[in-house]
Amino acid sequence: MKFSTLKDIIACCEKDQVTIGQLMLQEQIKETGKSREETFRQMADYYGIMKEAVHRGIHEPVPSKSGLTGGDAVRVHEYLSTGVPALGTDACTALAYALSVSEVNASMGRIVATPTAGSCGIIPGVFVSAQQRFGWDDEHLVMGLFSAGAIGYVIANNSFISGAEGGCQAEVGSAIGMAAGALTELRGGTPEQAVHAVGLALKNSLGLICDPVGGLVEIPCIVRNGFGAVTALAASDMALAGVRSVIPSDEVIDVMLEVGTAMPAKHRETAKGGLAQTPTGKKILKDLYGKEGKKLREKGAKGKGE
């Protein structure tokens, strides 16, 4: 890639008079050696998968394999039609869509990791709801995915996107930044405004721990995807209104690395701290392993009898 920082991205876009999405598409073609059509089609396929996951989870409850989660996307979507949500219809729709994709993931359905499976609902939630609201065609949204990809590339190479390495700030936080920056560009913002959106979003996610109850990507991961989609909308609106990230966005990424590195291991996807170690979290873990242990024992006894 011809860029390694968000500052580089702005410089490249200004020099070549392109958007972040166009820049990333060009660089992806160079990196892979594939044609523009093939590269674009592959990303379009990813967007199709995202939309499928959005619509699946809001039209039918999607229970997880553990039985701990499922159906919240349907509840929020139905709530939209029965009252006036405090968030407003548009933001609440993004929230419902993000929950939907994350629930599909927990049920072992097909999703696109953006940038990880644990944060897979945020970009689809923001993108699909915005597409419906503004009447954009799929091609516009696909270019937005290239923009999000460029932002994610910088974050991944200067900090981390894994909860096991840097906590949930690295997964959900990165996805919020990617969604916020890409949405800003989709709505006509400049590369500089998009980069400010990234910094604003990431600053609001610093220090977020990864504490999956029962070691599963369900609680609190799914609801964090919902909140993340709303945060991305807020960061984009701020940037488009002229709000700037006083601390340069690249420096915010550096801080995310610093904070994640200093984060105790028990708060980095080990399920040894945070919500996972509350009395209820421990009970859920015991119940899950108890059921599984019983199944294994019964299977073993059956096998011996045969």
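Remember, predicted model here, so these are calculated numbers, not experimental data.

### Some words on the overall build of the protein chain
Then, in step 1: The helix and strand inventory of the protein chain stands at 13 helices and zero strands.
Then, in step 2: From first element to last, N terminus to C terminus, the protein chain shows the α and β order α-α-α-α-α-α-α-α-α-α-α-α-α.
Then, in step 3: Here the C-alpha atoms of the protein chain give a radius of gyration of 20 Å, agreeing with the 19 Å that 2.2 N^0.38 yields for 306 residues.
Then, in step 4: Viewed in the frame of its principal axes, the protein chain has a C-alpha envelope of about 75 × 45 × 45 Å.
Then, in step 5: Buried residues in the protein chain amount to 50% of all 306 residues.
Then, in step 6: Put simply, of all contacts in the protein chain between residues at least 6 apart along the chain, 74% involve residues at least 24 apart.
Then, in step 7: Per element, the accessible surface of the protein chain, about 14,200 Å² overall, is 55% carbon and sulfur.
Then, in step 8: Across the protein chain, the 30 positively charged side chains and the 33 negatively charged ones have centroids separated by 9 Å.

### Here's the deal with the UniProt feature "domain: Serine dehydratase-like alpha subunit" (unreviewed entry) in the protein chain
Then, in step 1: Mapped onto this structure's residue numbering, the UniProt feature "domain: Serine dehydratase-like alpha subunit" (unreviewed entry) falls at residues 16-276.
Then, in step 2: End C-alpha atoms of residues 16-276 are separated by 48 Å, and the span's content is 66% helix alongside 0% strand.

### Section: the pattern of salt bridges
Then, in step 1: Tallying each qualifying case throughout the model produces 11 salt bridges.
Then, in step 2: A salt bridge links D16 to K15; its shortest N-O distance comes to 3.8 Å.
Then, in step 3: For D16, a relative accessible area of 28% corresponds to the partly exposed category.
Then, in step 4: R187 is the partner of D237 in a salt bridge, and the nearest nitrogen-oxygen pair spans 2.8 Å. Of this pair, D237 sits in helix α11 (residues 221-240) while R187 is found in the loop between α9 (168-186) and α10 (191-203), placing the two residues 50 residues apart along the sequence.

### Thoughts on the layout of surface pockets
Then, in step 1: The computed volume of the largest pocket comes to approximately 430 Å³.
Then, in step 2: Along the wall of the largest pocket there are 21 residues; nearest its centre are M24, M43, Y46, L145 and G149.
Then, in step 3: Elements that contribute at least two residues to the lining of the largest pocket include exactly α2 (20-32), α3 (36-59) and α7 (138-158).
Then, in step 4: Of all the elements, α7 adds the most residues to the lining of the largest pocket, at seven residues.
Then, in step 5: A per-class count over the lining of the largest pocket returns 15 nonpolar, six polar and no charged.

### Structural notes on helix α1 (residues 6-16)
Then, in step 1: Buried residues of α1: L6, I9, I10, C12 and C13, and no others. Around the axis of α1, the buried residues are gathered within 165 degrees of arc, so they sit on the same side. Summarising the geometry of α1, the exposed residues directed more than 90 degrees from the buried face are K7 and K15.
Then, in step 2: Residues of α1 that are buried sit in contact with α2, α7, α10 and α12 (249-262).

### A look at the side chain of R224
Then, in step 1: Checked against the element boundaries, R224 lands in helix α11.
Then, in step 2: Separated by 2.9 Å, the side chain of R224 and the backbone oxygen of I209 make a polar contact.

### A look at the packing of α3 against helix α4 (residues 72-82)
Then, in step 1: It is the contact of α3 with α4, at a shortest axis distance of 7 Å, that shows an interaxial angle of 80 degrees. Put simply, α3 runs roughly perpendicular to α4. Facing α3, whose interface residues are G57, I58 and H59, α4 presents A73, V74 and H77.
Then, in step 2: Classifying every residue of the contact of α3 with α4 gives three nonpolar, three polar and no charged.

About the criteria used
Residues numbered from 1 in each chain as written. Predicted model: local features only at pLDDT ≥ 70, side-chain atom pairs only at ≥ 80, totals over all residues. Heavy atoms only, no water. Helix = DSSP H or I, 4+ residues; strand = E, 2+ residues; numbered from the N terminus. Rg over C-alpha atoms; globule rule 2.2 N^0.38 Å. Buried < 20%, exposed > 50% of the residue type's maximum accessible area, 1.4 Å probe, protein only. Contact = heavy atoms within 4.5 Å. Areas by Shrake-Rupley, 256 points an atom, 1.4 Å probe, with all protein chains shown as cover. Lys, Arg positive; Asp, Glu negative; His and termini not counted. Charge placed at Lys NZ, Arg CZ, Asp CG, Glu CD. UniProt positions renumbered as here; feature names shortened; annotations may be inferred. Salt bridge = Lys/Arg side-chain N within 4 Å of Asp/Glu carboxyl O. 1 Å grid on protein atoms, 1.4 Å probe; cavity = no way out; pocket = protein on both sides within 12 Å on 5 of 7 lines; lining within 4 Å. Points joined across faces, edges and corners; volume = space filled by probe spheres on them. Nonpolar A, V, L, I, M, F, W, Y, C, P; charged D, E, K, R; others polar. Arc of directions from axis to C-beta. Polar contact = N/O pair within 3.5 Å; in protein donor to acceptor, adjacent residues only side chain to side chain. Axes fitted to C-alpha atoms, helices over the stretch in contact; angles between N-to-C directions. Parallel < 35°, antiparallel > 145°, perpendicular 65-115°, else oblique.

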